[in-house]
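# Descriptive analysis of the structure
One letter stands for each residue in the lines below.
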Amino acid sequence: MREKRESPILVTRSFLPPFEEYAEMLKPIWDSAWLTNMGVYHEEFKERLKEYFGVKNLELFVNGHMALELVIQSMELDGEVITTPFSFSSTTHAIVRNGLTPVFCDINPNNYTLDVDQIEGLITERTCAIVPVHVYGNLCDMERIQEIADKHHLKVIYDAAHTFGETFEGKSVALWGDASMFSFHATKVFNSIEGGAVVFRDDRLEKRLYELKNFGITGYEKVEYVGANGKMNEFQAAMGLCNLPHVESEIEKRKALVMRYRENLEGIRGIRLCKEDPRVRYNYAYMPVVFDGYKRDRDQIFEDLKEHNIMARKYFYPCINSYECYRDRFRAEDTPVAAAVSKQVLTLPLYGELPAEIVDEICGIIKEVH
Ligand code: T4K
């Protein structure tokens, strides 16, 4: 019998820079009393991120959700948007809050992103865009999605919330689609406390996004758009600037832990791990494990871990098309793979400072014979 640990192991733990590094960044904020509304750090962070992604166009936001909602708004879309039900609530909410109609496409069972073979069958004359999600940092089939979008004249807006730091064939994932949204939430590989950014292709969106995150104000006495307050403040930007130089080592530490999970869990009947694509440089944002025909089901494993004070999470259960707020309009049965995976998947604890022995312990609990 294992001892129950005193303090819980949570699914993740925010990366924080050395305290002095952040404290030092605060002094100029105090001296200037400029706390938000596109301050000095905001502008510096924006430039540093453009360099990091290797892109020309990037806008910062108070969080990833506002970034997604406002970039969709900036494109003045109308009609239906093809998206995945296997994601965090934010993806679909951003579509619906723009007055658009989500059309759920099922996911593929290999990396849980959109099943590209099903997209064209869902396109109607009302379809205006595709909002795919690189879920867990697993990249969508971006080449196929772009082909389909080009053929049908659709916009592609990636929810790349989980994908900071990832590359495809040596180039940033941010270069794909019309736009990509990155989340810098506290639970992400890279955080600015809360925060987000949009990388976009069309130069004309630069001005529009800036205005939309500032209430739609376009001049001193002029408000042209129904915008929102999506501005990133100086404390967030300072955290982002502090954390950026540490992100590579955070990813390396996570990678080592994911390898350790793999050594423990690979090849076990009924346990499915995502296969890595050699063209992708991953950021190891999450550690999803699918229990499909294993001796205990997902919910039992979840409870067993909880018994030991290990708090895995059921990201992403339930599927968005079975949420209370969407249930009347959609049926989870229409996306059977997503429905099944959402009932089988558990994301295990993962963060740079997680001791490797705890990974072994977690895997030991999973493999225990009852
Ligand atoms: N699209 C996708 C695909 C997303 O996954 C998300 C967000 C978005 C869009 C929207 O981006 P943001 O607007 O959030 O930038 C969390 C996050 O709040 C959310 O950002 C994230 N996805 C989602 C998958 O997970 P919760 O409700 O599960 O978080 P919570 O508070 O339970 O935290 C999880 C664990 O993280 C805790 O057990 C401990 C650790 N933690 C948490 C916080 C808040 C820390 O160590 N420090 C912290 O400050 O939603």
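### Focus: the domain arrangement of the chain
- Considered domain by domain, the chain is made up of domain 1 (19-245) and domain 2 (246-367).
- Just the C-alpha atoms count here: the centres of domain 1 and domain 2 sit 24 Å apart.
- Taken together, the contact pairs 42 residues of domain 1 with 37 residues of domain 2.
- Carbon and sulfur atoms make up 62% of the area that domain 1 and domain 2 hide from each other, which totals about 3,300 Å².
- By the criterion of area lost to domain 2, the three top residues of domain 1 are Tyr112, Tyr136 and Val189, representing 21% of everything that side buries.
- In this assembly, domain 1 and domain 2 are joined by one salt bridge.
- Its salt-bridge partner being Arg279, residue Glu143 comes within 3.8 Å of it at the nearest N-O pair.
- Where domain 1 meets domain 2, there are 18 residue pairs in polar contact (both at pLDDT 80 or more).
- Secondary-structure elements contributing two or more residues to the side of domain 1 that touches domain 2 are α4 (89-96), β3 (101-104), β6 (167-168) and α8 (234-243).

### Some words on the sheet that holds strand β5 (residues 155-159)
- The strand order across the open sheet built from seven strands is β1-β9-β8-β5-β4-β2-β3, with neighbouring strands paired in mixed fashion. Single-partner strands in this sheet number two, and they are β1 (58-61) and β3. Mean inter-strand twist for the sheet, computed between neighbouring axes without regard to direction, equals 25°.
- Sheet analysis places strand β4 (residues 127-131) next to β5, joined by two bridges and oriented parallel.

Conventions used here
All residue numbers here refer to positions counted from 1 along the written sequence of the relevant chain. Given that this is a predicted model, residues contribute local features only at a pLDDT of at least 70 and side-chain atom pairs are listed and counted only at 80 or more, while totals for whole chains, interfaces and linings are drawn from all residues. By convention in this description, side-chain values take in all heavy atoms of the structure and omit both hydrogens and water. Annotation comment: domain bounds sourced from an automatic or database domain assignment. By definition, residues are in contact when any of their heavy atoms lie within 4.5 Å. For any pair of parts, buried area is found by adding up, for both, the accessible area (1.4 Å probe) each one loses once the two are put together. For this analysis, a salt bridge means a side-chain nitrogen from Lys or Arg found within 4 Å of a carboxyl oxygen belonging to Asp or Glu. Contacts described as polar in this section are N or O atom pairs within 3.5 Å, which, within protein, must combine one atom able to donate a hydrogen with one able to accept it, while residues neighboring in sequence count only if both atoms come from side chains. Elements are defined by DSSP. Helices are runs of H or I of four residues or more, strands are runs of E of two residues or more, and each kind is numbered from the N terminus. Pairing between strands is defined by DSSP: at least two bridges between the two strands are required. Note on method: axes are straight lines fitted to C-alpha atoms, helices fitted across the in-contact stretch only, with angles between N-to-C directions ranging 0 to 180 degrees.

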